[in-house]
Amino acid sequence: MKFYVSTPIYYVNDRPHIGHVYTTTIADIFARYHRLCGDDVFFLTGTDEHAAKVVDSAAQHGLTAQQWADQNAQAFQDTFQKLGIANDDFIRTSQPRHKDKVQQYVGELMKTGDVYLGEYEGWYDAGQEEYLTESKAKEYDYKSPFNGKPLVRKKEKNYFFKLSRYAEPLLKLLADQPDFVQPDIRRNEVANRIREGLNDVPISRTGGGDWGIKVPGDEQHVIYVWIDALINYLSTVDTPDRIKYWPANVHLIAKDILWFHAVIWPAMLLALKRPLPRQVYAHSFWIAEGQKMSKSLGNFVDLEKIDHYVGKYGLDAFRYFLASNGPLGTNDSDFAEAKFVEVYNANLANDLGNLVNRSLSMVQRYRGEVPAATGSQLRPEAEKMIAAYRDCMAQLDLTGALEHLRRYITRANQYVEENAPWKLAKDPTQAGKLNDVLYDLAESVRLISILITPVMPTIAGNIRAQLGGTAGVVPSMEEARWGLLAAGTKLGTIAPLFPKLDQAKK
Ligand code: MSP
């Protein structure tokens, strides 16, 4: 099976922060999970470069828009690389491969009869690059609902897309395919807004200078940046060797840009008679230490802060925190250091780290190798957990998948206490029972190492090396079956996985 996952393409004039890093990290985790399942994966991220504000910031820095975009797109690429993101491509909207396709699709769109030349008069949110109706503008007191800055009055000639024609088809889509927009609450929000009526939307602008992609056949007009940007999902894979990936399985985004992805993008694809993505998944927001992140408060969890966490606790622990405590559902999540430390200590150092370390140390000490077992107590629970984990991952419920794993780890630690192998080891009549318990634990550790691979690839490799395997060998979900750990396996060097925090602080 193929699996195509995308992230939003990020505005190139901002510095990468936790929001961008979060969506891209969870996309990376789903991509890694599907690779583990043997799927043919395509994972796309990139930068959205033709916003008008790029021209302004470039000028403030004494650079051309392209130079400014180059510099900042590089910052996103460097950041993602540093954070272990294994994307298959990085699309930049200023690349010719994208621009050519955008002109081609917009050209096609203009021939559908769904585009006309008109005049727009209304309000514009420059930060979001979004047009607002008079009533919406009034509702927000003529200020941006996103950054509080005054809205800009606009009067210009635009090409319009007849979005109004698509209200019924879109409502039908949402009703027939409830998975198209997830979570459910977000789908209901979108459906309610569509029922209020759809206005036609500008797809080009004039008078904004040259930065952007020209409307084919009418060079006075530059294609509206959102139309340009949405097309990235298709333009990148519209090549003979990649078109097999379309339609995308999921566009991962946050709730701020749901309208564009759940309404404008599918309507455009309907007009172009192209297959629609299977799902748009809109997660919620990170806030920081209990407060909304904003430029005025200067409290973004920015690259410096991210570096601090990664440096102090390790990249895998950082990824685990994002994955297990992030705003994947409909609630916002708080990125707070106290919470991070709590998760690190409880779930990683105490639960996972301790289980792996004590289990393998006891195998080593009492048997010198993985013993043969005659029966298993943990097997049924392990199998239930693996099935639950897989179900959750298939539904993008990463938090749920990790919760099943965490509970199993807790259970396995409890199993150590219940069976007290150190007592069994002293009683020769209990040798068989000790073998069973040690095998249960070693096999649990092996299975856990497979299931944590998408989230913590380095720790997972490290555990497999301690189990006598080779760290660099990527496992497969096929191996997530009880009993594949061979009796007689010699262990590697056993070492703690997560340094205790008081040590890490030094
Ligand atoms: N360029 C547009 C997207 C075009 S997609 C065809 C854009 N860019 S953005 O740089 O503003 O990025 C928005 C995205 O960044 C959100 O949808 C989300 O993925 C991520 N986040 C930004 N702030 C966030 C939080 N505070 N929390 C979680 N994710 C957030 O919009």
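To start, this report covers the structure provided alongside it.

What counts and what doesn't
Residues numbered from 1 in each chain as written. Predicted model: local features only at pLDDT ≥ 70, side-chain atom pairs only at ≥ 80, totals over all residues. Heavy atoms only, no water. Helix = DSSP H or I, 4+ residues; strand = E, 2+ residues; numbered from the N terminus. Rg over C-alpha atoms; globule rule 2.2 N^0.38 Å. Contact = heavy atoms within 4.5 Å. Areas by Shrake-Rupley, 256 points an atom, 1.4 Å probe, with all protein chains shown as cover. Lys, Arg positive; Asp, Glu negative; His and termini not counted. Charge placed at Lys NZ, Arg CZ, Asp CG, Glu CD. Phe/Tyr/Trp six-rings, centres within 6.5 Å; stacked < 30°, edge-to-face > 60°. Buried < 20%, exposed > 50% of the residue type's maximum accessible area, 1.4 Å probe, protein only. Lys NZ or Arg CZ within 6 Å of the ring centre and 35° of its normal. Pairing = 2+ DSSP bridges. Axes fitted to C-alpha atoms, helices over the stretch in contact; angles between N-to-C directions. Parallel < 35°, antiparallel > 145°, perpendicular 65-115°, else oblique. Nonpolar A, V, L, I, M, F, W, Y, C, P; charged D, E, K, R; others polar. 1 Å grid on protein atoms, 1.4 Å probe; cavity = no way out; pocket = protein on both sides within 12 Å on 5 of 7 lines; lining within 4 Å. Points joined across faces, edges and corners; volume = space filled by probe spheres on them. Core = buried A, V, L, I, M, F, W, Y, C linked by side-chain atoms within 4.5 Å. Near = heavy atom within 4 Å. Polar contact = N/O pair within 3.5 Å; in protein donor to acceptor, adjacent residues only side chain to side chain.

1. Some remarks on the overall build of the protein chain
The secondary structure content of the protein chain amounts to 19 helices and 15 strands. Here the C-alpha atoms of the protein chain give a radius of gyration of 26 Å, agreeing with the 23 Å that 2.2 N^0.38 yields for 506 residues. Projecting the C-alpha coordinates of the protein chain onto the three principal axes gives extents of approximately 90 × 45 × 40 Å. Summarising the internal contacts of the protein chain: among those between residues at least 6 apart in sequence, 77% fall at separations of at least 24. Only carbon and sulfur atoms are counted for the fraction: they give 51% of the accessible area of the protein chain, which is about 21,300 Å². Side-chain charges in the protein chain split into 59 positive and 62 negative, and the spacing between the mean points of these groups amounts to 2 Å.

2. Some points on the packing of aromatic side chains
Scanning the model with the defined rule gives 29 aromatic pairs in all. Ring centres 4.7 Å apart and planes at 70° place the aromatic pair Tyr120 and Tyr131 in the edge-to-face group. Within this pair, whereas Tyr120 is found in strand β4 (residues 115-125), its partner Tyr131 is found in strand β5 (residues 130-132), the two being separated by 11 residues in sequence. By relative accessible area, which is 10% here, Tyr120 ends up buried. According to the relative accessible area criterion, Tyr131 is buried, its value standing at 14%. Above the face of the Tyr11 ring, Lys53 is positioned so that its terminal group lies 4.2 Å from the ring centre.

3. So, the sheet that holds strand β6 (residues 152-161)
The strand order across the open sheet formed by four strands is β5-β4-β6-β8, and the pairing between neighbours is antiparallel. Each edge of the open sheet is held by one strand with a lone partner, namely β5 and β8 (201-202). Where β4 meets β5, three bridges bridge the pair, whose relative direction is antiparallel. Across the sheet, the residue bridging to Tyr124 is Tyr131, located in β5.

4. Thoughts on the packing of helix α12 (residues 315-325) against helix α15 (residues 398-419)
Interhelical geometry of α12 versus α15 gives an angle of 110° and a closest axis separation of 7 Å. Taken together, the axes of α12 and α15 are roughly perpendicular relative to one another. Residue-level contacts link Tyr320, Ala323 and Ser324 of α12 to Leu398, Thr399, Leu402 and Arg406 of α15. A class-by-class count of the residues in the contact of α12 with α15 yields four nonpolar, two polar and one charged.

5. Thoughts on empty space enclosed by the protein
Counted by the stated rule, this structure contains one cavity of 30 Å³ or more. Around the largest cavity, the lining residues are Tyr320, Asn347, Leu348, Asp351, Leu352, Leu402, Leu405, Arg406, Ile409, Ile452 and Met456. Taken together, the elements giving at least two residues each to the lining of the largest cavity come down to α13 (337-366) and α15. Of the residues in the lining of the largest cavity, the class split is eight nonpolar, one polar and two charged.

6. A look at the nonpolar core
Membership of the largest hydrophobic core comes to 96 residues, with the highest contact counts inside it found for Phe318, Phe335 and Leu398. Ignoring any residue separated from it by four or fewer positions in sequence, one finds Phe318 in contact with Ile18, Val21, Leu83, Ile306, Tyr309, Val310, Phe335 and Phe340. Counting 74 residues, the second largest nonpolar core, distinct from the first, contains Tyr105, Ala191, Ile213 and Tyr233.

7. Topic: the pairing of β4
Note on strand geometry: in a regular strand, side chains alternate between the two faces of the sheet. By the bridge criterion, 10 bridges tie β4 to β6 in an arrangement that is antiparallel. Across the sheet, residue Tyr124 finds its bridge partner in β6, namely Val152. Two successive antiparallel strands, β4 and β5, enclose a turn made up of four residues, where Glu129 displays a positive phi of approximately 55°.

8. Section: helix α18 (residues 457-466)
Regarding α18, the residues found buried are Ile459, Ala460, Gly461, Ile463, Arg464 and Gln466. Looking at the buried positions of α18, the neighbouring elements they touch are α12, α13 and α17 (431-451). Positive backbone phi, approximately 95°, marks Gly468, located one or two places after α18.

9. Describing the sheet that holds strand β2 (residues 40-48)
Spatially, β3-β2-β1-β12-β13-β7 is the arrangement adopted by the six strands of the open sheet, whose pairing is parallel. Pairing within the sheet leaves two strands with one partner each, and these edge strands are β3 (89-92) and β7 (181-182). Looking at chain direction, strand β1 (residues 2-11) and strand β12 (residues 250-254) are connected through two bridges and run parallel. In the sheet register, Val5 faces β12, and the bridge partner there is Val250. Strands in contact with helix α3 (residues 65-82) are β1, β2 and β3; relative to β3, the strand with the most contacts, it is inclined by about 160°.

10. Observations regarding the site of the ligand
With respect to spatial proximity, 23 residues lie near the ligand, and among them Ile9, Thr23, Asp48, Asp256 and Trp286 are the closest. Between an oxygen atom of the ligand and a main-chain N or O atom of Ala254, the distance comes to 3.0 Å. Coverage of the ligand by the protein chains reaches 94% of its 670 Å² of free accessible surface. Those elements giving two or more residues to the shell around the ligand turn out to be β1, α1 (18-36), α8 (225-230) and α9 (232-235). For the shell around the ligand, the per-class residue count stands at 13 nonpolar, eight polar and two charged.

Keep in mind these values describe shape, not function.
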